[in-house]
Amino acid sequence: MGCGTSVATETQVKRVETDDTIKSPSPALTMKAAVLIQRWYRRYMARLEMRRRYTWNIFQSIEYAGEQDQLQLSGFFSFMLDNLTQLNGNGPDLISQLLEPVVDPWLDREICYNLIPVPESYPGPRLSFPLSVSDTTALLGAFKEQEILHARYVLQLLYETKKLLKQMPNIVHLSTSYTNEITICGDLHGRLDDLLLIFYKNGLPSAETPYVFNGDFVDRGKKSVEVVCLLFAYLLLYPDYMHLNRGNHEDHIMNLRYGFTKEVMQKYKTHGREILQLFQDVFSLLPVATVIDGKILIVHGGISDQTDLDFLSTIERHKVKSALRFPRRSLEQLDIGHSGKMRPTAGSRPGSQSKSKRTPNQGRRRCKNGRQDSAASTSSSSSSSSSSSSSSFCSPRTPSCVSPRPCPSSPSMPYAVHVLQVPYLDSVCSVPPPAPPQHDREWKQVVDILWSDPKTQEGCSPNTFRGGGCYFGPDVTRRLLLRHGLQLLIRSHECKQEGYELCHGGQVITIFSASNYYEEGSNRGAYIKVGRELVPRFYQYQVSRATRKLTLTQRYNRVRVAEGSALKALKEKLFTHRSELLSGLQQYDLNNTGCVSVSEWAQVFESVLRLDLPWRTLRPHLARLAPDGSVDYPSCFEDMESRSPLTQVTQNMAETLFRYRTDIEIIFNIIDKDHSGLISIEEFRHTWRLFSAHLGVDSNDRAIDDLARSIDFNKDGSIDFTEFLEAFRVVHKLDNKEQQVTGRS
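Criteria and cut-off values
Residues numbered from 1 in each chain as written. Predicted model: local features only at pLDDT ≥ 70, side-chain atom pairs only at ≥ 80, totals over all residues. Heavy atoms only, no water. Pairing = 2+ DSSP bridges. Helix = DSSP H or I, 4+ residues; strand = E, 2+ residues; numbered from the N terminus. Axes fitted to C-alpha atoms, helices over the stretch in contact; angles between N-to-C directions. Core = buried A, V, L, I, M, F, W, Y, C linked by side-chain atoms within 4.5 Å. Buried < 20%, exposed > 50% of the residue type's maximum accessible area, 1.4 Å probe, protein only. Contact = heavy atoms within 4.5 Å. pLDDT = per-residue confidence, 0-100. Expected span 1.5 Å × (residues − 1). Parallel < 35°, antiparallel > 145°, perpendicular 65-115°, else oblique. Left-handed = near helix turned anticlockwise from the far one by under 90°. Nonpolar A, V, L, I, M, F, W, Y, C, P; charged D, E, K, R; others polar. Salt bridge = Lys/Arg side-chain N within 4 Å of Asp/Glu carboxyl O. Phe/Tyr/Trp six-rings, centres within 6.5 Å; stacked < 30°, edge-to-face > 60°.

## Description of the sheet that holds strand β1 (residues 171-174)
Phase 1: Pairing within the open sheet is mixed, and its 6 strands lie in the order β1-β5-β6-β12-β14-β13. Of all the strands in the sheet, just β1 and β13 (500-503) have a single pairing partner and so form its edges. For this sheet, the mean inter-axis angle between neighbouring strands, taken without regard to orientation, is 20 degrees.
Phase 2: In this sheet, strand β12 (residues 488-491) lies alongside strand β6 (residues 296-298) in parallel orientation, the contact comprising 3 bridges. Considered in β12, the bridge of Leu297 is made with Leu489.

As structure tokens, then:
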């Protein structure tokens, strides 16, 4: 029986071999199949990369538009200071304190933290100063476990950091002769996971592992307090091996919009105000540049053609509390004429104290002229595309020019004989100063260092896309490096998909250390290591929940999620500019068909939004096509709606609230000093009148009073402003339906 089985098996094997011989494809057919699969894969990956790139462009354009809005908000604060000294008659106004902080002597003494008791029930780390390795280890472990450092230790940490920073120069000089390598990190923006990953991969700060962190430690992320406390702790522990540069977000006015102020007040409700004030002082004392071996310059943003490292090393950096606040004395000496030229007033002449005053109507007339001049003098390139729309602090109907504006004209010689041009004043505003005051020059130097970006074109021009600082070309880089005997400029300030980027022939390196900055998978983080040979080596990483390499499906899903978030943010922006977009589109739709050509649709969207996006590529995601191939433009707004706004609000006021919701929220959070979410009706009326006058919104006192009474739901004389703002949040209809279904279930 065993033999029979063997014979049967052998026969079966022969049959299988015969079948395989018959079915095996020819080599040519196999090659053809491989080529087809490869072609499909390449096309698939190319489409995926295209989606990833325009998703990136959407995120970055909206981010820079938000920075322009912040500059306009700072202009509104200046407007409030010029028109209002007291909001409620009880002491100095908080806005005045934010823009021109008054030093509290209480915070300069140890009593600022010694009087704060730490309860026995406090589970977090108890720091002792001077700090030891065990203290920083305990702090690191506590933050990993989501614990919050007690307010007493935060104040003491800031107090000690402030004392140390006062002794440091504006430009710190390092040498690789005392260490093997120096690690340089870029923006962290409150991403604690990225900081912990850097420490895990590269080692904790020590004499063997020195670090330079190049600014923007806070804002945007949810762990800014933890990130900055860790950095300050290691700075105190290793002052010779831990170095921190100031970024443009180490600025108390920027912190109002991008989350750090709110985070501090939420985590430290009792002593939050004192902590914030001490943070302001510490941020203003951070060095602005680092030089390694006299050959590598490290600054946060960049340079301009007026950057002078020798002069920068002599300024009193602590006086520049905010780079967004132009020196008040200079603003008082200037007046904007109807011709669009800024000229010295009588107050600028010796012995004169007069100050010019402008009505909102005059400001609006000048703004209109300025925008026309700007359009005539500015190309439609990406670098100058967003100043007219995103940076204009205007109502849907009438623009206003009460506040300083981004400047599209060239500030290549801001202190030359001809004109003085300020990074975020309007393009028509120029000053012919015989000699700029010392504090103006200091402010300008700091602004350029913190806010500038490199460009591929030669020369130096205003950074109109961000609204602050300069664009500097390869020639500007070469001149500065040659003048100071440098070889390389390392800067941060810009998110890069791979975490770093080289430009200007390799003489400028951008390093960014916050991975997943816009959305999970949107970008990698990176850091640089430089040794004695001064050759930079790059290390990339990405915080991820996955431990294995992503499959093709996972990569697709990651791009799809990021694309969805970007399109959602873009559609919200469309909704807040709905009236302007419809008005522009209807100029081409003379027969009121609701349709325009694709080119007309793209042209209107770019002219209104100024985001420099590939509108034709994005069209399938934003609008439907009519049967004749034209764009059904009302479909752009079908997916969005308001969250049931109040009936007492006019259409014009409602659209203003949608567009400037973040600005208004910041302003009312300032007024709400105890962060209860409640403000008095009188405060609401007073601030809204100022805000509407500043924007040129058509609203009378009666309408404002009716609005105030309507949102005082329990008639106790206070307004729940959080609930009020929630009514003016732009939401997606699909999200609303999902929430309704969830609520019913």
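There is more to say, and it comes next.
## What to know about the nonpolar core
Phase 1: Counting 75 residues, the largest nonpolar core has Phe213 and Phe232 as its most contacted members.
Phase 2: For this core, the element with the highest residue contribution is helix α8 (residues 224-237), accounting for 11 residues.
Phase 3: For Phe213, the residues in contact, after removing those within four places along its chain, are Cys185, Leu188, Leu195, Phe199, Leu231, Met242, His243, Leu244 and Asn245.

## As for the sheet that holds strand β19 (residues 631-632)
Phase 1: Pairing is antiparallel across the open sheet formed by 3 strands, whose spatial order is β17-β19-β18. Each edge of the open sheet carries a strand with a single partner, namely β17 (595-596) and β18 (624-625).
Phase 2: Where β17 meets β19, 2 bridges bridge the pair, whose relative direction is antiparallel. Note that in β19 the partner of Cys595 across the bridge is Asp632.

## Describing the confidence of the model for the chain
Phase 1: Of the residues in the chain, 67% have a pLDDT of 70 or more, and the chain-wide mean is 76.
Phase 2: Low pLDDT, under 50, characterises residues 329-435; the predicted model gives this stretch 250 contacts beyond four residues in sequence or across chains.
Phase 3: Here residues 736-745 is a poorly scored stretch, pLDDT under 50, and it has 3 contacts once near neighbours within four places are set aside; other chains count.

## Regarding helix α6 (residues 151-166)
Phase 1: When the terminal C-alpha atoms of α6 are compared, their 22 Å separation across 16 residues agrees well with the 22 Å that a helix rising 1.5 Å per residue should span.
Phase 2: Within α6, 14 of the 16 residues are buried, which leaves it mostly tucked inside the rest of the structure.

## Focus on unusual backbone geometry
Phase 1: Geometrically, the link from Phe129 to Pro130 is a cis peptide bond, its omega value of 0 degrees lying close to zero.
Phase 2: Mapped onto the elements, Pro130 comes out in the loop between α4 (111-114) and α5 (133-144).
Phase 3: Here His504, not a glycine, exhibits a phi torsion of approximately 55 degrees, which is positive.
Phase 4: Structurally, His504 can be placed in the loop between β13 and β14 (508-511).
Phase 5: Taking the relative accessible area as the measure of exposure, His504 reaches 11% and is therefore buried.

## So, the packing of helix α10 (residues 260-267) against helix α11 (residues 272-285)
Phase 1: With their axes 8 Å apart at the nearest point, α10 and α11 run at an angle of 140 degrees to one another. It follows that α10 is oblique to α11 by the angle criterion. The crossing of α10 and α11 is right-handed. Of the residues in α11, those touching α10 at Phe260, Thr261, Val264 and Met265 are Gly272, Arg273, Ile275, Leu276, Phe279 and Phe283.
Phase 2: In terms of residue class, the contact of α10 with α11 is built from 7 nonpolar, 2 polar and 1 charged.

## Let's talk about the pattern of salt bridges
Proximity of charged atoms lets side chains of opposite charge pair with each other.
Phase 1: Inspection of the entire model under this criterion finds 24 salt bridges.
Phase 2: In this structure, the salt-bridge partner of Lys163 is Glu160, at a minimum N-O distance of 3.5 Å. With Lys163 and Glu160 both in helix α6 and 3 residues apart, the pair spans about one turn of that helix.
Phase 3: Assessed through its relative accessible area of 37%, Lys163 is described here as partly exposed.
Phase 4: With relative accessibility at 18%, the residue Glu160 sits in the buried group.
Phase 5: A salt bridge links Glu494 to Lys496; its shortest N-O distance comes to 3.8 Å.
Phase 6: Judged by relative accessible area, Lys496 falls into the buried class, the value being 12%.
Phase 7: What you see here is one network of salt bridges that share partners, running through Asp453, Arg466, Arg491, Glu494, Lys496 and Glu501.

## Some details on the packing of aromatic side chains
Phase 1: Here the structure, examined in full by the defined rule, presents 21 aromatic pairs.
Phase 2: Where Phe199 meets Phe213, the ring centres are 6.4 Å apart and the plane angle is 85 degrees; that geometry is what we call edge-to-face. Taken together, the residues Phe199 in helix α7 (residues 192-202) and Phe213 in strand β3 (residues 211-213) connect sequence positions 14 residues apart. In this structure, Phe199 and Phe213 share a single accessibility class: buried.
Phase 3: Each ring, one from Phe279 and one from Phe283, has its centre 5.5 Å from the other, and the planes form 35 degrees; the classification is tilted.

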